[in-house]
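# Chains, contacts and geometry: an overview
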Amino acid sequence: MKDAQPGAIYLKDYQAPDYWIDKTELSFDLGENETRVTARLQIRLNQDRHDRQLPPLVLHGNADMTLAEVKVDGVALSADQYTLTSETLTLPVSSDRFETEIVSVLAPQDNTSMEGLYKSGGMYCTQCEAEGFRRITWYLDRPDVMSLFTTRITADKAKYPVLLSNGNCIEQGDTGDGRHTMVWEDPFRKPAYLFALVAGNLAHVEDTFTTQSGRNVTLQIFTESHNITKCDHAMRSLKQSMRWDEEVYGREYDLDIFMIVAVDDFNMGAMENKGLNIFNSSCVLARPDTATDATFQRIEAIVAHEYFHNWSGNRVTCRDWFQLSLKEGFTVFRDSEFSADMNSRTVKRIEDVNHLRSAQFAEDAGPMAHPVRPSSFIEISNFYTLTVYEKGAEIVRMIHNLVGREGFRKGSDLYFERHDGQAVTCEDFVRAMEDANSIDLGQFMRWYTQAGTPVLDVTDSYDADNQRYVLEVTQSCPATPGQDVKEPFHIPLAIGLLSSEGDNLPIGDKGQTTVVLEVREASQQFVFENRIERPLPSLLRGFSAPVKLNYDYSRDDLLFLMRHDDDGFNRWDSCQRLATETILDLVRDIQAAKPLSLDTRLIEAWRELLEDETADKAMVAEMLTLPSEQWLSEQMAVIDVYAIHEAREFVRGELAKSLSEPLQSIYRGLAVEKPYKPESADIAERQLKNICLGYLMELDSPAMLSLAETQFQNATNMTDQMAALSCVINGAHQTAPGKAETLLSAFHDQWKGDANVMDMWLSVQVSGARMGSLERVKQLMEHPVFDYRNPNKLRSLIGVFCMRNLKCFHDLSGEGYAFLADNIIRLDKQNPQIAARMLTPLTRWRRYDDQRGALMKAALERIQANELSKDVFEVVNKSLA
Ligand SMILES: [Zn+2]
């Protein structure tokens with residue numbers, strides 16, 4: 001049952017709860033046809049809020065549950081003594097302390113939403129963030145209500161030998177009828193969104209960790225037994241995260257046991273439930289022959305992220321869901337610094353910024369744009385966004401840039417000390433940083449409240465007589481839904497100055513070559529005295545703020561910065577700017593039907609990169625990667641999908657032809673057999689080798705094709721095997737039609753038993769325009785490895801086609817849009833969260849030409865005409881508004 005017009009909830013309406021729940025005792029009786037949940041709650045009036053009459057107790061619930069029994073202080077209520085709606089249960093109250101006991105009956109085997117309690121394969125599992133707990137029992141399901149939880153689980157012993165919940169196991173035994181019971185007790189108060197339960201036939205690996213104060217913690221990773229050989233990397237990552245959080249933040253783990261469970265059907269990546277993290281299997285399982293380097297690195301980052309939440313999220317949690325970035329922005333910043341320390345700092349920064357600029361900037365410029373702390377929502381699940389996570393992390397990084405490493409640690413120590421065990425707000429976090437560092441971040445708070453990507457326009461002038469160099473910085477921010485006018489932001493702008501010889505000049509009072517300018521005004525001047533010549537500025541070093549920066553660099557300036565900038569990020573960024581400008585010039589030539597020719601400066605810059613034997617291979621690999629079609633799309637006022645694709649392919653082809661020799665020489669130098677290690681130097685070598693192979697495939701030559709085939713056949717790790725497969729599928733292979741099909745079928749036969757590898761097999765076929773037609777997507781949906789109920793399969797096939805294969809998805813026939821609309825309508829009945837997320841490509845309809853825009857809008861209107869979940873309703877209606 002859904003409301004016809006779901007209403008919005010506003011931050012300004014926040015009120016503390018009427019009641020607290022001191023203790024929560026849960027008992028689950030898991031059955032194949034029904035599961036009974038008994039919840040006994042010790043409830044207490046919130047004295048701060050009420051001195052008048054006792055208000056009724058309004059608990060959150062869900063229409064999919066059946067209410068079997070309600071007792072207050074041991075006395076059963078009859079149906080006329082309470083009020084039950086599809087979303088609430090209201091009970092009368094006659095004292096300021098009382099106990100309720102509620103029995104709910106669930107059908108987890110039929111729950112396809114993957115919120116609350118559901119079955120994945122043969123196991124039971126839960127997902128309660130944000131509002132899943134209300135699908136398990138009626139409760140005060142809001143993060144500021146924190147309670148002590150005890151959980152009793154009873155289930156068939158043969159089918160579900162492993163029964164897990166949060167905290168420590170305090171009791172277990174058989175019940176005599178082929179069933180058994182375990183009782184878990186969590187000594188830390190927590191909101192219901194951190195509750196978890198798992199029951200299944202699972203194997204596990206075990207290790208231990210000794211904390212800095214000398215306590216021993218048992219570490220366990222649970223998975224189905226056929227995957228038990230794929231847990232080592234996650235375990236290693238967990239131990240590294242635990243050590244790092246002690247060293248960098250002084251944070252120690254607080255329970256005797258820490259468990260991770262891998263689950264195949266999961267809406268998100270992973271979930272930080274107290275002591276019992278539940279992971280999408282794609283984010284935890286890895287073995288060199290089954291997972292790519294990218295997967296190894298993603299697992300390291302996600303294991304760390306969820307572990308770090310134990311402090312930034314669990315011990316100190318959010319007061320309400322508007323504050324989601326309080327835990328997510330901070331924790332993404334923490335995991336990204338961890339990855340930077342474990343791998344290459346510059347490369348990690350490039351990857352994060354690339355993702356932010358391609359995807360979050362697009363979100364900021366679209367109909368769903370919202371501040372990092374939204375002021376209203378209809379369905380909170382729609383706000384687990386790049387803005388809340390990635391831009392939220394950039395805000396924390398800016399504070400780090402402003403107060404420095406030591407100042408930041410003082411601020412985080414104060415935050416954890418002041419708020420341990422509390423549910424707090426973004427202001428509380430920023431205030432701790434201010435108080436620990438005696439600074440004023442009042443203006444800075446606008447980053448939390450104003451949506452949109454700020455733009456910095458920078459010009460400069462040089463006065464030779466007075467040896468004075470001046471940078472003039474003007475800031476602006478485009479209007480976003482509900483916010484027409486923006487106040488100036490407080491922006492840390494890191495810069496350097498280069499001499500005509502390529503020296504990075506001292507500019508700080510201690511001779512530093514990088515300084516952070518604090519931009520606060522709409523327009524502001526920064527003066528540099530005693531400059532004997534006009535310098536070339538290196539602006540926004542390390543991407544010191546999530547802004548777009550315009551400065552009129554010539555292409556020769558960019559080449560100069562690529563060679564001489566001592567900021568690694570900006571060397572890469574100059575290279576990206578050069579490639580972006582070159583491709584966009586070609587787009588204009590295509591639109592004007594002019595003949596195409598590639599600016600030779602780009603070729604020479606690439607040649608220099610390839611021939612520099614001393615260069616860092618990871619950096620070379622990043623610099624040789626052309627800007628994505630998504631990023632190029634964001635640079636155009638009206639996105640011309642076909643011209644962008646054609647221009648980018650033309651550049652790839654021309655670079656391959658002109659640089660065939662150095663590309664081959666690097667490829668052959670790196671194509672040597674050695675044991676697989678997921679370490680940064682080795683990862684960089686494989687990445688560079690496979691980028692070279694990708695370019696070489698553009699040559700459409702039998703010799704190059706056989707390089708890829710040989711690599712595919714001889715590969716001892718998934719990185720090289722998958723790269724070779726992708727090169728053949730996406731390369732120009734007219735000389736050998738059918739090759740791609742042969743390799744795809746060999747790959748399928750080799751890996752059909754591995755669900756996560758099969759996800760990659762689906763994606764690689766539909767992510768590129770050469771092979772990934774809509775027809776192929778539809779065929780693969782009929783293939784036995786595809787499963788419409790599994791979110792990973794939906795994302796790998798439909799999601800990848802619609803979000804990455806821009807040329808085919810945006811086919812002028814409009815068939816791609818109709819296909820997506822059909823699937824959203826179908827999927828919304830099954831899994832609203834995933835349906836709403838997959839809608840994203842259609843929401844950008846205003847950015848395209850009239851013909852495509854009209855077709856996309858029609859697809860949205862067709863979805864709108866259905867009875868929709870809150871999730872899809874909100875996205876569709878905001879997109880059409
Ligand atoms: Zn998180």
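In the block above lies the structure referred to throughout.
Residues numbered from 1 in each chain as written. Predicted model: local features only at pLDDT ≥ 70, side-chain atom pairs only at ≥ 80, totals over all residues. Heavy atoms only, no water.

### Describing the overall build of the chain
The cut-off we apply is this: Helix and strand assignments come from DSSP, with helices taken as H or I runs of at least 4 residues and strands as E runs of at least 2, each series counted from the N terminus. Based on C-alpha atoms, the radius of gyration is set beside the globule rule, defined as 2.2 Å times the residue count to the power 0.38. Burial here depends on accessible area, computed with a 1.4 Å probe over protein chains only, as a share of the maximum for the residue type. Under 20% is buried, over 50% is exposed, and the range in between is partly exposed. By the convention used here, residues are in contact when the closest approach between their heavy atoms is within 4.5 Å. The Shrake-Rupley method, run with a 1.4 Å probe sphere, supplies the accessible areas, and residue values consider only the shown protein chains as cover. In this tally, Lys and Arg are treated as positive and Asp and Glu as negative; His is ignored, and so are the chain termini. Where a charge lies is defined by one atom per residue type, namely NZ (Lys), CZ (Arg), CG (Asp) and CD (Glu).
If you tally the helices and strands in the chain, you get 27 helices and 31 strands. In summary, the chain has a C-alpha radius of gyration of 28 Å against a globular reference of 29 Å for 881 residues, a match within 12%. Expressed as lengths along the three principal axes of its C-alpha atoms, the size of the chain is roughly 85 × 65 × 60 Å. Looking at the chain as a whole, 61% of its 881 residues qualify as buried. In the chain, 71% of the contacts between residues at least 6 apart in sequence involve partners at least 24 apart. Total accessible area computed for the chain in this model is approximately 33700 Å², and 47% of it derives from carbon and sulfur atoms. A distance of 1 Å separates the average location of the 92 positive side-chain charges in the chain from that of its 132 negative side-chain charges.

### Quick notes on the sheet that holds strand β3 (residues 35–45)
Applicable threshold: In this analysis, strands are considered paired if DSSP registers two or more bridges between them.
Strands sit in the order β6-β5-β9-β3-β2-β12-β15-β14 across an open sheet of eight strands; the sheet is mixed. Each edge of the open sheet is held by one strand with a lone partner, namely β6 (75–76) and β14 (168–174). Alignment of strand β2 (residues 19–29) against β3, held across ten bridges, turns out to be antiparallel. Bridge pairing links Glu 25 to Arg 40 in β3.

### Re the coordination of the zinc ion
The condition is simple: A donor here means an N, O or S atom no more than 2.8 Å from the metal, or no more than 3.2 Å when the metal is Na, K or Ca. Since water is not included, a site may seem to lack partners. Donor angles set the geometry label: tetrahedral for four donors if every angle is between 85 and 135 degrees, square planar for four and octahedral for six if opposite donors exceed 155 degrees and the others are between 65 and 115, irregular for anything else.
At the metal site, the zinc ion is ligated by His 305 (NE2), His 309 (NE2), Glu 328 (OE) and Glu 328 (OE), and these contacts range over 2.0 to 2.7 Å. Angles of 54 to 152 degrees at the metal separate the four donor atoms of the zinc ion, which places the site in the irregular class. Counting gaps between the donor residues of the zinc ion yields the pattern H-x3-H-x18-E.

### Quick notes on the sheet that holds strand β17 (residues 203–210)
Strand pairing in a sheet is mediated by backbone hydrogen bonds. Such pairs are either parallel or antiparallel. Across the sheet, which stays open at both edges, the five strands sit in the order β17-β18-β19-β21-β20 with mixed pairing between neighbours. Each edge of the sheet is formed by a strand with only one pairing partner; in this case those strands are β17 and β20 (270–271). Looking at chain direction, strand β18 (residues 216–223) and strand β19 (residues 257–263) are connected through five bridges and run parallel. Across the sheet, residue Thr 218 finds its bridge partner in β19, namely Ile 257.

### Thoughts on the environment of Tyr 118
As for its placement among the helices and strands, Tyr 118 is situated in strand β10 (residues 116–120). When the C-alpha atoms of Tyr 118 and Pro 595 are compared, they prove to be 58 Å apart, with 477 residues separating the residues in sequence. Filtering out sequence-adjacent residues up to four positions away, Tyr 118 remains in contact with Pro 108, Asn 111, Met 123, Tyr 124, Cys 125, Thr 126, Gln 127, Val 263, Asp 265 and Phe 266.

### Points about the packing of helix α10 (residues 600–611) against helix α11 (residues 617–624)
In plain terms, the rule: Only C-alpha atoms enter the line fits that serve as axes; for helices the fit covers just the stretch in contact. Angles between N-to-C directions range over 0 to 180 degrees. In these notes the angle categories are as follows: under 35 degrees is roughly parallel, over 145 is roughly antiparallel, 65 to 115 is roughly perpendicular, and the rest is oblique. For any helix crossing, the convention is left-handed if the near helix is rotated counterclockwise from the far helix by under a right angle, and right-handed if that rotation is clockwise. Only Asp, Glu, Lys and Arg are considered charged in this grouping, and only Ala, Val, Leu, Ile, Met, Phe, Trp, Tyr, Cys and Pro are considered nonpolar; every other residue, Gly among them, is considered polar.
It is at 10 Å that the axes of α10 and α11 come closest, and there the two elements cross at 160 degrees. As the angle between them shows, α10 and α11 are arranged roughly antiparallel. Judged by the twist between their axes, the crossing of α10 over α11 is left-handed. Taken together, the residues of α11 that come into contact with α10 (itself represented by Trp 606, Leu 609 and Leu 610) are Val 620, Met 623 and Leu 624. In terms of residue class, the contact of α10 with α11 is built from six nonpolar, no polar and no charged.

### Remarks on the side chain of Glu 300
Operational definition: Every case where a carboxyl oxygen of Asp or Glu lies within 4 Å of a side-chain nitrogen of Lys or Arg is listed as a salt bridge.
Within the fold, Glu 300 resides in helix α2 (residues 293–308). Among buried Asp, Glu, Lys and Arg side chains, Glu 300 stands out as unpaired, with Arg 236 the closest opposite charge at 7.2 Å.

### Describing the pattern of salt bridges
In total, this model carries 74 salt bridges according to the counting rule given. Taking the shortest distance from any N to any O, the salt bridge between Arg 40 and Glu 101 comes out at 3.4 Å. Taken together, the residues span a long stretch of sequence, with Arg 40 in strand β3 and Glu 101 in strand β9 (residues 97–106) at a distance of 61 residues. Classification of Arg 40 as partly exposed rests on a relative accessible area of 34%. Ionic pairing is found between Arg 577 and Asp 573, a salt bridge with its closest N-O pair at 3.8 Å. In this pair, Arg 577 and Asp 573 are both assigned in helix α9 (residues 568–591), four residues apart and thus about one turn of the helix distant. Taken together, the salt bridges that share partners define one network made up of Arg 555, Asp 556, Glu 581, Asp 585, Arg 588, Asp 599 and Arg 601.

### Things to note about helix α3 (residues 324–342)
Note: α-helices contain 3.6 residues per turn, so residues at a spacing of three or four share the same orientation. So the rule is basically this: One less than the residue count of a helix, multiplied by 1.5 Å, gives the span that helix is expected to have.
With 19 residues, α3 should reach 27 Å at 1.5 Å per residue; the first-to-last C-alpha distance of 27 Å fits that figure. Counting buried positions along α3 yields 17 of 19 residues, so the element is predominantly enclosed.

### Describing the packing of aromatic side chains
Any pair of aromatic rings gets described here by the distance separating the centres and the angle formed by the planes. Basically, it comes down to this: Stacked, edge-to-face and tilted labels apply to pairs of Phe, Tyr and Trp rings (six-membered ring for Trp) whose centres lie within 6.5 Å, assigned for plane angles under 30 degrees, over 60, and everything in between, in that order. Our definition puts a charge over a ring when NZ of Lys or CZ of Arg is within 6 Å of the ring centre and also within 35 degrees of the ring normal.
With the rule as written, the count across this model stands at 40 aromatic pairs. Taking 6.0 Å as the distance between ring centres and 80 degrees as the angle between the ring planes, the aromatic pair formed by Tyr 19 and Phe 98 counts as edge-to-face. Here Tyr 19, found in strand β2, pairs with Phe 98, found in strand β9; they are 79 residues apart in sequence, far enough to count as distant. Like Tyr 19, the residue Phe 98 is buried in the burial classification. Note on Phe 133 and Tyr 139: the rings are 4.8 Å apart at their centroids and 75 degrees apart in plane angle, and the pair reads as edge-to-face. The ring of Tyr 788 has Arg 826 sitting right over it, with the charged end atom 3.4 Å from the ring centre. Looking at Arg 852, its charged tip hangs above the ring of Tyr 642, at a distance of 4.7 Å from the centre.

### Brief notes about unusual backbone geometry
The peptide bond linking Glu 129 to Ala 130 adopts the cis configuration, its omega dihedral lying at 0 degrees. Relative to the helices and strands, Ala 130 is located in the loop between β11 (123–127) and β12 (147–156).

### Topic: the environment of Val 547
On the secondary structure map, Val 547 appears in the loop between β30 (536–539) and β31 (548–550). As a C-alpha pair, Val 547 and Tyr 667 span 120 residues in sequence and 37 Å in three-dimensional space.

### A look at the nonpolar core
Test applied: Among buried residues, the Ala, Val, Leu, Ile, Met, Phe, Trp, Tyr and Cys ones that are joined through side-chain atoms within 4.5 Å form a nonpolar core.
With 290 residues, the main nonpolar core has Phe 429 and Trp 606 as its most contacted residues. When residues in this core are grouped by element, the largest group, eleven residues, is from helix α5 (residues 386–419). Residue contacts for Trp 606: discarding those within four places in its chain leaves Cys 575, Ala 579, Met 623, Leu 624, Leu 626, Leu 655, Leu 659 and Tyr 695.

### Looking at the side chain of Asn 111
The condition is simple: The term polar contact refers here to a pair of N or O atoms within 3.5 Å; inside protein, the definition further demands a hydrogen-donor-capable atom paired with an acceptor-capable atom, and it admits residues adjacent in sequence only when both atoms are side-chain atoms.
Mapped onto the fold, Asn 111 is located in the loop between β9 and β10. For Asn 111, the side chain forms a polar contact with the side chain of Ser 113, separated by 2.8 Å. Discounting residues that sit within four places of it in the chain, Asn 111 has contacts with Gly 116, Leu 117 and Tyr 118.

### Observations concerning the pairing of β9
Remember that side chains alternate between the two faces of the sheet whenever the strand is regular. Burial analysis of β9 places eight of its ten residues in the buried class, the great majority of the element. Pairing between β3 and β9: ten bridges, direction antiparallel. Across the sheet, Arg 40 pairs through a bridge with Glu 101, a residue of β9. Inspection of the sheet shows strand β5 (residues 66–72) paired to β9 by six bridges, in the antiparallel sense. Note that in β9 the partner of Val 72 across the bridge is Thr 100.

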